[in-house]
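The chain contents come next:
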Amino acid sequence: MAEKRMLIVDAEMIGKIDDNRGDMSRSEFINFLIGSRLEGANGSHNGVSREEMQQFQEGTKELLRKFLEFFISYGLELGKQPNGEEFEQLRRKLQALGVSKK
């Protein structure tokens, strides 16, 4: 049998533990949380970091901006004169998608 020790925590923390532990005992739940946190620290997580998500969003905006620029220039090359309102709307979208350079 494992040696047992007492851990003193705030009553509010016990409330959070009890609300989220399901069928596990408090001890099992705390062991689970600590274990999963340590596994995540070793790089074996299944999610993406905030920085990775931001890079993805910036890359997507940049791709969309280049896509719109291409079709605007392609339309101008073919000699099609853009409708003033339509062209202005596309120009505003391009400006809104402007990627912040870091």
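Residues numbered from 1 in each chain as written. Predicted model: local features only at pLDDT ≥ 70, side-chain atom pairs only at ≥ 80, totals over all residues. Heavy atoms only, no water.

(A) Seen up close, the overall build of the protein. When its secondary structure is counted, the protein shows four helices and zero strands. The order of α-helices and β-strands along the protein, N terminus first, is α-α-α-α. Counting over 102 residues, the protein shows a buried share of 9%. Summing over all exposed atoms, the protein offers an accessible surface of approximately 9,400 Å²; the carbon and sulfur share of this is 55%. (Helix = DSSP H or I, 4+ residues; strand = E, 2+ residues; numbered from the N terminus. Buried < 20%, exposed > 50% of the residue type's maximum accessible area, 1.4 Å probe, protein only. Areas by Shrake-Rupley, 256 points an atom, 1.4 Å probe, with all protein chains shown as cover.)

(B) Region of the structure containing the confidence of the model for the protein. Confidence in the prediction for the protein averages 79 pLDDT; 78% of positions are at 70 or higher. At the level of individual helices and strands, the protein shows its lowest average pLDDT in helix H4 (residues 84–96), which scores 74, and its highest in helix H1 (residues 11–20), which scores 92. (pLDDT = per-residue confidence, 0-100.)

(C) The pattern of salt bridges, seen in detail. Scanning all chains against the criterion turns up six salt bridges. Asp 18 is the partner of Arg 21 in a salt bridge, and the nearest nitrogen-oxygen pair spans 2.9 Å. Owing to a relative accessible area of 28%, Asp 18 belongs among the partly exposed residues under this scheme. A salt bridge links Lys 66 to Glu 62, with the nearest nitrogen and oxygen atoms 3.7 Å apart. Here Lys 66 pairs with Glu 62, and both are found in helix H3 (residues 50–77), just four residues apart, close to one helical turn. Its relative accessible area of 15% is what places Glu 62 among the buried residues. Where salt bridges share partners, they join Glu 62, Arg 65, Lys 66 and Glu 69 into one cluster. (Salt bridge = Lys/Arg side-chain N within 4 Å of Asp/Glu carboxyl O.)

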